[in-house]
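Structural characterization, general
Spelled out, the chains give:
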Amino acid sequence: KCEFVGCAKSFVTRNTLFQHKQEHIKPYVCVWPACGQRFGNNRSLKTHINEHQGIRPFKCEFSACFQCFYSKPQLNQHVKSAHKYTLNNT
C-alpha cells in the first residue's frame, strides 16, 4: 500500500508499488536552463527534453500524413483519433 498522504492505492507487487511511488517523489529533474521540472520516470523526462529541443522522433506511418510527435503515447493518440486505428502493441 502507498503510504503517501492522501494516496490510498495498493499494488500486488513491490515493483509496481515502487514505480507508483516514483510519481510522488519525481526524482528525474530537467537540467534545461531555467526549467527544473520534475518527473516520475525517465521516459517522461526524455519526452520533455524532446520538447525543449524541438525533436519529434515519432512519425505517423499512414500515407499522406506527415505528423510527428514528441512521444509514442502522443503518436498512438493521434493514430487512434485521426485515423480511427488502434495499435495492438501500445
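Residues numbered from 1 in each chain as written. Predicted model: local features only at pLDDT ≥ 70, side-chain atom pairs only at ≥ 80, totals over all residues. Heavy atoms only, no water.

Bringing the nonpolar core into the picture now. Residues Cys60, Cys65, Phe69, Leu75 and Val79 constitute the largest nonpolar core, which totals 5 residues. Sequence-distant contacts of Leu75, that is, excluding residues within four places in its chain, are made with Phe58, Lys59, Cys60 and Phe69. (Core = buried A, V, L, I, M, F, W, Y, C linked by side-chain atoms within 4.5 Å. Buried < 20%, exposed > 50% of the residue type's maximum accessible area, 1.4 Å probe, protein only. Contact = heavy atoms within 4.5 Å.)

Quick look at the UniProt feature "domain: C2H2-type" (unreviewed entry) in the protein chain now. In the numbering used here, UniProt assigns the "domain: C2H2-type" (unreviewed entry) feature to residues 1-24, 28-57 and 58-83. Structurally, residues 28-57 comprises 40% helix and 13% strand, and the distance from its first C-alpha atom to its last is 21 Å. Measuring from the first to the last C-alpha atom of residues 58-83 gives 16 Å, for a span that is 42% helix and 15% strand. (UniProt positions renumbered as here; feature names shortened; annotations may be inferred. Helix = DSSP H or I, 4+ residues; strand = E, 2+ residues; numbered from the N terminus.)

Looking now at helix H3 (residues 72-82). Listing the buried residues of H3 in full gives Leu75, Asn76, His78 and Val79. All buried residues of H3 lie within an arc of 160° about the axis, which places them on one face of the element. Residues of H3 that are buried in the fold lie against strand S3 (58-59) and strand S4 (68-69). (Arc of directions from axis to C-beta.)

This next bit is on the environment of Gly36. Relative to the helices and strands, Gly36 is located in the loop between strand S1 (28-29) and strand S2 (38-39). For the pair Gly36 and Pro73, spaced 37 residues apart in sequence, the C-alpha to C-alpha distance is 23 Å.

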